[in-house]
Amino acid sequence: VEQNFAAAAQYLSKASRLNPADSKASYYLALSFIHLGKPDEAQSQFAQSCESVEASHEKYIAPFRGMGEFLLEKGDPARAVRYLQGALRIDPDNAESLYLEAKVFLQLERTEEAIATLKRCALLDPSYAEPEYLLGITYAKNGEQALAQQAMARFQQIQEEYGRN
């Protein structure tokens, strides 16, 4: 599998050099670099892809969400939230971007914003189980056991009904 990512990175690097404004080539190159264990290169390509999207005004949220998730995992929630909000400016009802934004809010100890965002996320995509799970954990940490149990019950129901995790 690693050889496939290396080959993809080589191909996408060439495509990106030939057309630096190709946001998709830069985005997929960033993903390849993540899988190859090259985080600095991945971050650079995410940034290039975001710049290309902004310059062209295309409706493409993947680079912003990708960079947001990358920075969140890297432990930089303050920067992550800016990229996730960029994704949400393009598509304000994207449940996956909202979920990541809620995770950032929790890392920044903005619990009420996280809860509101998770509730919105759950309303937008009733088949998406993760927001209910994170709501359950958040309520439990806040000592709101009844709400935590309700959220966990919804999480179980969604998993049984849709088979998503």
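Residues numbered from 1 in each chain as written. Predicted model: local features only at pLDDT ≥ 70, side-chain atom pairs only at ≥ 80, totals over all residues. Heavy atoms only, no water.

Asks: Describe the overall build of the protein chain, listing the residues and the values that go with them.
Replies: Helix and strand counts for the protein chain stand at 9 helices and 0 strands. In terms of principal-axis extent, the alpha carbons of the protein chain reach across some 55 × 30 × 25 Å. In the protein chain, which comprises 165 residues, the proportion classed as buried is 43%. Accessible surface, the protein chain as shown: approximately 9,100 Å² in total, 50% of it carbon and sulfur. Looking at charge distribution, the protein chain has the averaged site of its 17 positive side-chain charges lying 4 Å from that of its 23 negative ones. (Helix = DSSP H or I, 4+ residues; strand = E, 2+ residues; numbered from the N terminus. Buried < 20%, exposed > 50% of the residue type's maximum accessible area, 1.4 Å probe, protein only. Areas by Shrake-Rupley, 256 points an atom, 1.4 Å probe, with all protein chains shown as cover. Lys, Arg positive; Asp, Glu negative; His and termini not counted. Charge placed at Lys NZ, Arg CZ, Asp CG, Glu CD.)

Asks: Describe the packing of helix α5 (residues 77-90) against helix α6 (residues 95-107), and please don't skip the residues or the numbers.
Replies: The geometry of α5 relative to α6 is characterised by a closest axis approach of 9 Å and an angle of 155° between their N-to-C directions. Classified by the interaxial angle, the pair formed by α5 and α6 is roughly antiparallel. For the pair α5 and α6, the crossing hand works out as left-handed. Only Ser97, Leu98, Leu100, Glu101, Val104, Phe105 and Gln107 of α6 make contact with α5, whose side of the interface consists of Pro77, Ala80, Val81, Leu84, Gln85, Ala87 and Leu88. Tallied by class, residues from the contact of α5 with α6 come to 10 nonpolar, 3 polar and 1 charged. (Axes fitted to C-alpha atoms, helices over the stretch in contact; angles between N-to-C directions. Parallel < 35°, antiparallel > 145°, perpendicular 65-115°, else oblique. Left-handed = near helix turned anticlockwise from the far one by under 90°. Contact = heavy atoms within 4.5 Å. Nonpolar A, V, L, I, M, F, W, Y, C, P; charged D, E, K, R; others polar.)

Asks: If you had to explain helix α3 (residues 39-56) to someone new, which residues and values would you point to?
Replies: Compared with an ideal rise of 1.5 Å per residue, which puts 18 residues at 26 Å, α3 spans 26 Å between its outermost C-alpha atoms and is within 8% of the ideal. Along α3, the residues classified as buried are Ala42, Gln43, Gln45, Phe46, Ser49, Cys50, Ser52 and Val53. (Expected span 1.5 Å × (residues − 1).)

Asks: Break down the nonpolar core for me, with residues and values.
Replies: Grouped together as the largest cluster of nonpolar side chains are 28 residues, with contacts concentrated most on Phe33, Phe46, Phe70 and Val104. For this core, the secondary structure elements donating two or more residues are α1 (2-18), α2 (23-35), α3, α4 (62-74), α5 and α6. Per element, the largest residue contribution to this core is 6 residues, and it comes from α4. Excluding its chain neighbours within four sequence positions, the residues that come into contact with Phe33 are Ala9, Ser13, Lys38, Glu41, Ala42 and Gln45. By size, the runner-up hydrophobic cluster in this structure holds 14 residues, among which are Ile115, Leu118, Tyr128 and Leu135. (Core = buried A, V, L, I, M, F, W, Y, C linked by side-chain atoms within 4.5 Å.)

Asks: Describe the packing of aromatic side chains, with residues and values.
Replies: A complete count under the given rule lists 6 aromatic pairs for this structure. Ring centres of Tyr27 and Phe46 lie 6.0 Å apart, and the angle between their planes is 50°; on these two criteria the pair is classed as tilted. A residue pair is termed long-range when its members are at least 10 positions apart, and Tyr27 in helix α2 and Phe46 in helix α3 qualify at 19 residues. Using a relative accessible area of 11% as the deciding quantity, one classes Tyr27 as buried. Relative to Phe70, the ring of Phe46 lies with its centre 6.0 Å away and its plane at 50°, an arrangement referred to as tilted. Of this pair, Phe46 sits in helix α3 while Phe70 sits in helix α4; the two residues are 24 residues apart in sequence, bridging distant segments of the chain. The class for Phe70 is buried, based on a relative accessible area of 10%. The residue whose ring lies beneath Lys24 is Tyr60, and the NZ or CZ to ring-centre distance is 4.1 Å. (Phe/Tyr/Trp six-rings, centres within 6.5 Å; stacked < 30°, edge-to-face > 60°. Lys NZ or Arg CZ within 6 Å of the ring centre and 35° of its normal.)

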